[in-house]
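Coordinate inspection notes
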Amino acid sequence: MTFARCCGLAALLLLGACYFGRATVNEPLDPDALRTLRPGSTTAQQALELLGAPSDVVQLGKRSAWRYDHSVQKEAATWLLIFALLNTDQRQDRMWLFFDENDVLTHVGATFAAHRPQYAFPWEDVHEPEDAARRDADRFGPAR
Amino acid sequence: MRGAAAVLLTALLCGCVSLRFDRRRGFEPVDAAVLDELRANRADLTACLQRLGAPNLVREQPDGRIALVWAWLDQFGWGINVSVNVRNVALSTDVDRNRRHMKGAVLFFDDELRLVDVDCGLLRDFLTLRDRRRPDAPED
C-alpha cells in the first residue's frame, strides 16, 4: 500500500470519528432595534412592541429589568477508540433594559458576541483580539 | 501477540469505557483593569453598562442593593465514563476532573444606581451567599 493510500485510509477513519455540533437559543438580536431605544422616553410598551417578549423580567424594588438574549454554542469532538477530545464554545448576544417605576426606559446594556464562537481543538487558543475584530466586521447590523 | 491482544481489548472496551479531554469556553471575561477604574470612580450604572456591556444576571439583594453579574468560563480537564449492562440494567458512572466553575464579577449598586462594591471570583460563591430569597412576610 502506498503512503498516499495509507494517509487516505487514516483520514477516512479519523473523519468517521469527528463530530461538529451547533446549538442556538432564541432569535438573534437586532442591533438596529437597540438604536431606536431612547432612555428617558421609550416606554415598556414600546420596547415590548419593538423587541417582543423578554426572556426574563427581574423586579428591582420599584424598578424592573428585562433581559433579551440569543446564544450560539459550537461543539467539536473527535474519538480515537476510547479517547475523546471535546471542545465547547458558547457566546451570547444580550440586552438588558432597565425601567423606572413609571415603566420608562432608564438604562440599556448590550453585548453582541453570538457571532464569535468557534469550532476548535481543546488546546487551541481562540478569541484573540484580531480574530474577534475580523468576526465583528462580518456581523450584520451597525452595532459592533 | 500481546500487542494484538491489547489492541483487541482496547477496541472492545470502546463501547463501555471512554476517556476524554474536554474544554469548555463560555462568554467574555471582564477586564480587571476596567473593574478597578469603575470602582475607583464610583461609576454609575450607565458607565458600567457602557464599559462592560450587558451582564449575564441582574438580581435584587436582600439589603436592597442591585447586583449585576458578568460571568465567564474557560476550563479544561480529564474525564472518564464507564458503562456496563448487568442483568438488563444499564449502569454508568462518570468521573469528571474538569470542575466547571464559572468565574464572575459582581457589581453592586445602591438605590441611586451608583457602584458601591465589586466582587470577583467563583460565581457559585457569590450566588450562594448573596442570591438569597427575601424572607416571607410575617403572617397576621
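Residues numbered from 1 in each chain as written. Chains lettered and ligands numbered in written order. Predicted model: local features only at pLDDT ≥ 70, side-chain atom pairs only at ≥ 80, totals over all residues.

Let's talk about the interface of chain B and chain A
Between chain B and chain A, the residue contacts involve 28 residues of the former and 26 residues of the latter. If you list the elements that add at least two residues to the side of chain B that touches chain A, you get helix H1 (2-13), strand S1 (17-26), helix H3 (45-52), strand S2 (57-60) and strand S3 (66-86) of chain B. In the side of chain B that touches chain A, the residues fall into 14 nonpolar, six polar and eight charged. Where strand S4 (residues 83-99) of chain A lies against S1(B), eight bridges are found, and the strand directions are parallel. Bridge assignment links Leu86(A) to a residue of S1(B), and that residue is Asp22(B). (Contact = placed C-beta atoms within 7 Å. Helix = DSSP H or I, 4+ residues; strand = E, 2+ residues; numbered from the N terminus. Nonpolar A, V, L, I, M, F, W, Y, C, P; charged D, E, K, R; others polar. Pairing = 2+ DSSP bridges.)

Some remarks on the environment of Gln45(A)
Structurally, the position occupied by Gln45(A) is in helix H3 (residues 44-51). A C-alpha to C-alpha distance of 8.2 Å links Gln45(A) and Asp103(A), two positions 58 residues apart in sequence.

Some thoughts on the nonpolar core
Core analysis: the largest hydrophobic core is formed by 39 residues, its most contacted members being Ala65(A), Met95(A), Trp96(A), Leu97(A), Cys48(B), Val69(B) and Leu107(B). Where this core is concerned, the elements lending two or more residues are strand S3 (63-80), S4 and strand S5 (105-112) of chain A together with helix H2 (32-40), H3, S2, S3 and strand S5 (103-109) of chain B. No other element matches S3(B), which puts six residues into this core. Contacts of Met95(A), omitting those with residues within four sequence positions, involve Leu29(A), Leu34(A), Tyr68(A), Val108(A), Ala110(A) and Ala54(B). (Core = buried A, V, L, I, M, F, W, Y, C linked by C-beta atoms within 7 Å. Buried ≥ 20, exposed ≤ 12 C-beta atoms within 10 Å, placed from the backbone.)

Some details on the confidence of the model for chain A
Across chain A, the average pLDDT comes to 88, with 93% of residues at or above 70. Per-element mean pLDDT across chain A ranges from 76 in helix H1 (residues 3-15) of chain A up to 95 in H3(A). (pLDDT = per-residue confidence, 0-100.)

Observations regarding the pairing of S5(A)
Residue and element names in this part refer to chain A. By the bridge criterion, seven bridges tie S4 to S5 in an arrangement that is antiparallel. Looking at S5, one finds that Trp-96 is bridged to Gly-109. The hairpin turn running from S4 into S5, its antiparallel successor, is five residues long, and Asp-103 in that turn takes a positive phi close to 65°.

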